[in-house]
Amino acid sequence: MMKILLCGGGNAIHVLSSYCSSRDDTHVTVLSLFPGEADKLRDAIPDEGIRCINDLGDDVYGKPNAIISKAEDVPKDLDIVVFALPSFTHEMYLKALKPYLKPGVTIGAMPGEGGFDLCAIHNLGSEFCRHSNLFALETLPWACRIEEYGKKVEVLGTKKEVEVIVSPKHGTTKNEVVTEVLHKLVGRLPELDPADNFLAVTLMNINSVWHPTISYGFYRKRDVTVPFDEPPLFYYGADEYTGEKLSLISDEVLEVKRVLLGKYPSLHLDSLHHVSEWMLRSYGDDIGDKTSIYTMLRTNKGYRGLTHPMREVQVDGQTKYLPNFRYRYFTEDLPMGLVVTRGIAELAGVKTPHMDDVILWCQEMLDKEYLVDGELKGKDLESTRAPQRYGFKDLDTFMKVNHYLDDDAPTKAVENHVSSFATKGETPAQ
């Protein structure tokens, strides 16, 4: 019996809860540390379980064995822990779970976002991670949305391929076993292709490019204080400028790849692709028009009906909608995503004017400060996972300390670096 802990309570947790709980060989626990969410979810799920409307076949029904709100209540001897929640909460969950996890567990995130390995090692300790399996998916396996909380969730589109990095426990090889386990959780599709390393997953973080850039492109010439009559379409509402901006930012990421490979010939970054290639590999024939990123965004059936995150406001007795800049597209995909990539680019000496455009606009909408005068030195940097937050000042140290240049998982070197960083009076934010 596989003991699974699912952390979160949103769209992805609904799908995972249904899929995992429908199996006869699993014991599934859902943990939500968000006040009241565990009770709300527990009370909402009917006896037959959460219905998952599956785009690939029959509907699936599954009900978790337990839904809890305290880390101390997690089952003993867990086999796998899955974070499917905003990455800015990863640190909180890691700290809460640390006393109740045993070395040897498999722990990871869907998606991993930028720097998940650094965050895990910083909070769980290098020795724990050395004797456990860390994993991260570059993105969620599906586009999905809750139809009725606790009762029904729809998979709008299952991706064809998703890259996954597994950093296996010390003494084992690159672990197909973990990938097989993950397939049991997410279904027969998508194909889980092995990524080169955690650095490749960080740089191939599609959400960090997609969400902030599409938001920037849509609102860049709009007055964000003027309400909409209805929530505007997110992907289907993108214009040609936005498609081109996405391509240019992806070009900047690939320039980082070029510089890294030039400096470190042994580095493996084969899994790092342009976003247009990622789109085709992920959605394939679900895309109606493959002419450009712009047309692919607007004709991908997996994106149909998805809207910009909005908040309701009342205007003259009528419900209107304003942008919700506190949604994860901003609070997660910027500090745990695009800013992380920008930090690596800064260490590599790669100029990123298009990325900077998006970061500067988004940080203004968030009332945050990460990028200042062309450098990541803003007052809110400690709330990110940028390399600079962990004290990395030069590329060689960043690459060597995190063992991105060999096949070993980053272990003691990271802890030593963080300890050295902390002794300088620059303790990372908790």
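Residues numbered from 1 in each chain as written. Predicted model: local features only at pLDDT ≥ 70, side-chain atom pairs only at ≥ 80, totals over all residues. Heavy atoms only, no water.

A. Region of the structure containing the overall build of the protein chain. Secondary structure summary: the protein chain contains 16 helices and 16 strands in total. In terms of C-alpha radius of gyration, the protein chain reaches 21 Å, essentially the compact-globule figure of 22 Å for 430 residues. When its C-alpha atoms are laid out on the principal axes, the protein chain stretches across 55 × 55 × 40 Å. In the protein chain, which comprises 430 residues, the share counted as buried stands at 57%. In the protein chain, 73% of the contacts between residues at least 6 apart in sequence involve partners at least 24 apart. Surface accessibility of the protein chain: about 17,500 Å² in total, with carbon and sulfur atoms responsible for 48%. In the protein chain, which carries 48 positive and 64 negative side-chain charges, the distance between the mean positions of the two groups comes to 2 Å. (Helix = DSSP H or I, 4+ residues; strand = E, 2+ residues; numbered from the N terminus. Rg over C-alpha atoms; globule rule 2.2 N^0.38 Å. Buried < 20%, exposed > 50% of the residue type's maximum accessible area, 1.4 Å probe, protein only. Contact = heavy atoms within 4.5 Å. Areas by Shrake-Rupley, 256 points an atom, 1.4 Å probe, with all protein chains shown as cover. Lys, Arg positive; Asp, Glu negative; His and termini not counted. Charge placed at Lys NZ, Arg CZ, Asp CG, Glu CD.)

B. Broad picture of the pattern of salt bridges. Under the criterion given, the structure shown has 23 salt bridges. A salt bridge links Glu277 to Arg281; the shortest N-O distance between them is 3.8 Å. Taken together, the residues span about one helical turn, with Glu277 and Arg281 both in helix H10 (residues 275-283) at a distance of 4 residues. Classification of Arg281 as partly exposed rests on a relative accessible area of 30%. One salt bridge in this structure joins Arg342 and Glu346, with 2.8 Å as the shortest N-O distance. (Salt bridge = Lys/Arg side-chain N within 4 Å of Asp/Glu carboxyl O.)

C. A look at the confidence of the model for the protein chain. When pLDDT is averaged along the protein chain, the result is 89; 92% of the residues meet or exceed 70. A low-confidence stretch, residues 408-430 (pLDDT under 50), is modelled with 45 contacts involving residues beyond four sequence positions or located in other chains. (pLDDT = per-residue confidence, 0-100.)

D. A look at the side chain of His211. Within the secondary structure, His211 is located in helix H8 (residues 206-219). The class of His211 is buried, set by a relative accessible area of 3%. Excluding residues that lie within four positions of it along the chain, His211 makes contacts with Phe234, Tyr235, Arg328, Tyr329 and Asp333.

E. Layout of the sheet that holds strand S4 (residues 60-62). Judged by pairing direction, the sheet is mixed, and its 4 strands sit side by side in the order S4-S3-S10-S9 without closing on themselves. Of all the strands in the sheet, just S4 and strand S9 (142-148) have a single pairing partner and so form its edges. Across the sheet, the mean angle from the axis of one strand to that of its neighbour is 25°, orientation sign disregarded. With 6 bridges connecting them, S9 and strand S10 (residues 152-158) associate as antiparallel partners. Looking at S10, one finds that Ala143 is bridged to Gly157. Here helix H1 (residues 11-21) sits on the sheet and contacts strand S3 (50-53), S4, S9 and S10; the angle it forms with S9, its principal contact strand, is near 90°. (Pairing = 2+ DSSP bridges. Axes fitted to C-alpha atoms, helices over the stretch in contact; angles between N-to-C directions.)

F. Main features of the nonpolar core. One finds Phe83 and Trp210 to be the most contacted residues of the largest nonpolar core, which totals 100 residues. When residues in this core are grouped by element, the largest group, 8 residues, is from helix H13 (residues 334-348). In contact with Trp210, not counting residues within four places along its chain, are Tyr235, Leu246, Val275, Trp278, Met279, Ile293, Leu297 and Tyr303. Listed in part, the 37 residues of the second largest apolar core include Val15, Tyr19, Val28 and Ile50. (Core = buried A, V, L, I, M, F, W, Y, C linked by side-chain atoms within 4.5 Å.)

G. Just the packing of aromatic side chains, in detail. Evaluation of the coordinates by the stated rule reveals 22 aromatic pairs. Seen from their ring centres, Phe330 and Trp361 are 6.4 Å apart, and the 50° between their planes marks the pair as tilted. Note that Phe330 is positioned in helix H12 (residues 328-331) and Trp361 in helix H14 (residues 353-366), a separation of 31 residues in sequence. Judged on exposure class, the residue Phe330 and its partner Trp361 are both buried. Among the aromatic residues, those joined into a cluster by ring pairs are Trp210, Phe234, Tyr235, Trp278, Tyr283, Tyr303, Tyr327 and Tyr329. In this structure, Arg220 is placed above the aromatic ring of Tyr241, and the distance from its NZ or CZ to the ring centre is 3.8 Å. When the ring centre of Tyr390 is taken as origin, the NZ or CZ atom of Arg389, which lies over that ring, is 4.6 Å away. (Phe/Tyr/Trp six-rings, centres within 6.5 Å; stacked < 30°, edge-to-face > 60°. Lys NZ or Arg CZ within 6 Å of the ring centre and 35° of its normal.)

H. Inspection of the environment of Gly349 at higher detail. Along the chain, Gly349 falls in the loop between H13 and H14. Overall, Gly349 belongs to the exposed group, its relative accessible area being 57%. With 46 residues separating them in the primary sequence, Gly349 and Leu395 have C-alpha atoms 9.0 Å apart.

I. Representation of the packing of helix H9 (residues 240-263) against H14. Closest axis-to-axis distance for the H9/H14 pair is 8 Å, and the angle between their directions is 120°. Considering their axes alone, H9 and H14 lie oblique with respect to each other. In this structure, H9 contributes Lys245, Leu248, Ile249, Glu252 and Val253 to the contact, and H14 contributes Pro353, His354, Met355, Asp357 and Val358. Class assignment for the residues of the contact of H9 with H14 results in 6 nonpolar, 1 polar and 3 charged. (Parallel < 35°, antiparallel > 145°, perpendicular 65-115°, else oblique. Nonpolar A, V, L, I, M, F, W, Y, C, P; charged D, E, K, R; others polar.)

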